[in-house]
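The residues making up each chain are set out below.
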Amino acid sequence: MADCITILGGRGMLGSDLAPVLVQAGYSVRILDLPEFDLTRADHLARALNGAQVVVNCAAFTNVDQAEKRFDTAMAVNGRAVGALGAAAKERGVFVVHISTDFVFDGRQTRPYVETDPPNPLNTYGRSKLEGEQALRDSACAHVILRVQWSYGNHGKNFISKIRERALTGKELKVVEDQVGAPTWTADMARAITVLIRDRRTGLYHFANAGYASRFEVAVFITTQLNLPVRIMPCVSEAFPTPTLRPKNSWFNTAKIQVILDAPIRSWQNALADFLATPP
Ligand SMILES: NC(=O)c1ccc[n+]([C@@H]2O[C@H](COP(=O)([O-])OP(=O)(O)OC[C@H]3O[C@@H](n4cnc5c(N)ncnc54)[C@H](OP(=O)(O)O)[C@@H]3O)[C@@H](O)[C@H]2O)c1
């Protein structure tokens, strides 16, 4: 019989694209999210794990600026609750796939980040996600942690949807050129997660679409693909002051995960062109 997989935070951006890919791979999938499921509640966790062989934790407090103001909630959801999930999973023999982030790094490195690079988060969100990774490891449950960066998909707001929306107004855009990473489609993440589950891979992996670019270059790519005659001006991050520091280099080295995947990771340009050409 096919494994039963529970996706926590299953109605968020990644969870929404992950569920159909897992179903397509033959798994039976249960989706849980707020308000009926709260990761910080022990009774909810117990119910979520009952009958599951695998749980994928996509649930997180993801609003980076809000996390500064709501420190306790961010730490509870992204940190402590992940430890509780690990303890409950260990008790029941459930395999945990946990999603983490490039925000565990400070982005000051000038080469792509490998899994063994020392984390040094710049903000509360990054610290809370790092605490979650550590708490899961400490629980000693069977698990894999997948760090992703610059995600986009059809569900929820992201850099790609914001640029597309603004470009459609025809007004000139200013986009930062001092932040680099690889826009990564949640559908591609979902296929990588399916392999991690199938092969019960454990440990820590980085995943991103191949290559890298500045946010400015990504914006130019989007408007070119969509044939939108919009002027885009490069600027520096300081032109858009935010209350929270963010890493300027989010570029991941994906050599470790590439070895275990069934196919080469496609370039960010191929994935994004495909995404922009696919109706939601
Ligand atoms: N988006 C990115 O660029 C990015 C980059 C790197 C890593 N990640 C990581 O990728 C994972 C998936 O994030 P995403 O992009 O899919 O973000 P998302 O759309 O914000 O999804 C997170 C989901 O978790 C839910 N949630 C929040 N608090 C919860 C709680 N206490 N109990 C249960 N569910 C809760 C949210 O519900 P509400 O919407 O109702 O709050 C939402 O449905 C997260 O671990 C995130 O840290 C994301």
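Coordinates for the structure precede this section.
The following paragraphs examine the structure supplied in this document. (Residues numbered from 1 in each chain as written. Predicted model: local features only at pLDDT ≥ 70, side-chain atom pairs only at ≥ 80, totals over all residues. Heavy atoms only, no water.)

1. With respect to unusual backbone geometry
Here is step 1 of the chain: The linkage connecting L34 with the following residue, P35, adopts the cis geometry, with an omega of 5°.
Here is step 2 of the chain: By secondary structure assignment, the location of P35 is in the loop between strand 2 (28–32) and helix 2 (42–49).
Here is step 3 of the chain: Positive phi outside glycine occurs at R200, with the angle close to 45°.
Here is step 4 of the chain: Tracing the chain through its elements places R200 in the loop between helix 7 (186–198) and strand 10 (203–206).
Here is step 5 of the chain: You can call R200 partly exposed: its relative accessible area is 34%. (Helix = DSSP H or I, 4+ residues; strand = E, 2+ residues; numbered from the N terminus. Buried < 20%, exposed > 50% of the residue type's maximum accessible area, 1.4 Å probe, protein only.)

2. Some details on the site of the ligand
Here is step 1 of the chain: In the vicinity of the ligand, 24 residues are found, and the nearest of them are L14, D33, T62, Y125 and K129.
Here is step 2 of the chain: Within the side chain of D33, an N or O atom sits 2.7 Å from an oxygen atom of the ligand.
Here is step 3 of the chain: Contact between the ligand and T62: an oxygen atom at 2.7 Å from a side-chain N or O atom of the residue.
Here is step 4 of the chain: Here the ligand has 890 Å² of accessible area as a free molecule, and 77% of this is covered by the chains. (Near = heavy atom within 4 Å. Polar contact = N/O pair within 3.5 Å; in protein donor to acceptor, adjacent residues only side chain to side chain. Areas by Shrake-Rupley, 256 points an atom, 1.4 Å probe, with all protein chains shown as cover.)

3. Details of the side chain of S16
Here is step 1 of the chain: Positionally, S16 belongs in helix 1 (residues 13–24).
Here is step 2 of the chain: Looking at S16, its side chain comes within polar contact range of the main-chain oxygen of G12, at 2.6 Å.

4. Side note on the layout of surface pockets
Here is step 1 of the chain: Put simply, the second largest pocket is a space of about 260 Å³.
Here is step 2 of the chain: Residue lining of the second largest pocket: 13 residues in total, with D188, R191, A192, A263 and P264 positioned closest to the centre.
Here is step 3 of the chain: Of the residues that constitute the lining of the second largest pocket, the class distribution is 7 nonpolar, 2 polar and 4 charged. (1 Å grid on protein atoms, 1.4 Å probe; cavity = no way out; pocket = protein on both sides within 12 Å on 5 of 7 lines; lining within 4 Å. Points joined across faces, edges and corners; volume = space filled by probe spheres on them. Nonpolar A, V, L, I, M, F, W, Y, C, P; charged D, E, K, R; others polar.)

5. Details of the sheet that holds strand 10
Here is step 1 of the chain: Taken in spatial order, the 6 strands make up an open sheet running 2-1-3-4-5-10, and their pairing is parallel. Bordering the open sheet on either side are strand 2 and strand 10, each of which pairs with just one other strand. Across the sheet, the axes of successive neighbouring strands diverge by a mean angle of 20°, strand direction being ignored.
Here is step 2 of the chain: The pairing of strand 1 (residues 4–8) with strand 2 spans 5 bridges and is classified as parallel. Within the sheet, the bridge partner assigned to I5 lies in strand 2 and is V29. (Pairing = 2+ DSSP bridges. Axes fitted to C-alpha atoms, helices over the stretch in contact; angles between N-to-C directions.)

The quantities given are spatial measurements derived from coordinates; they are silent on function.
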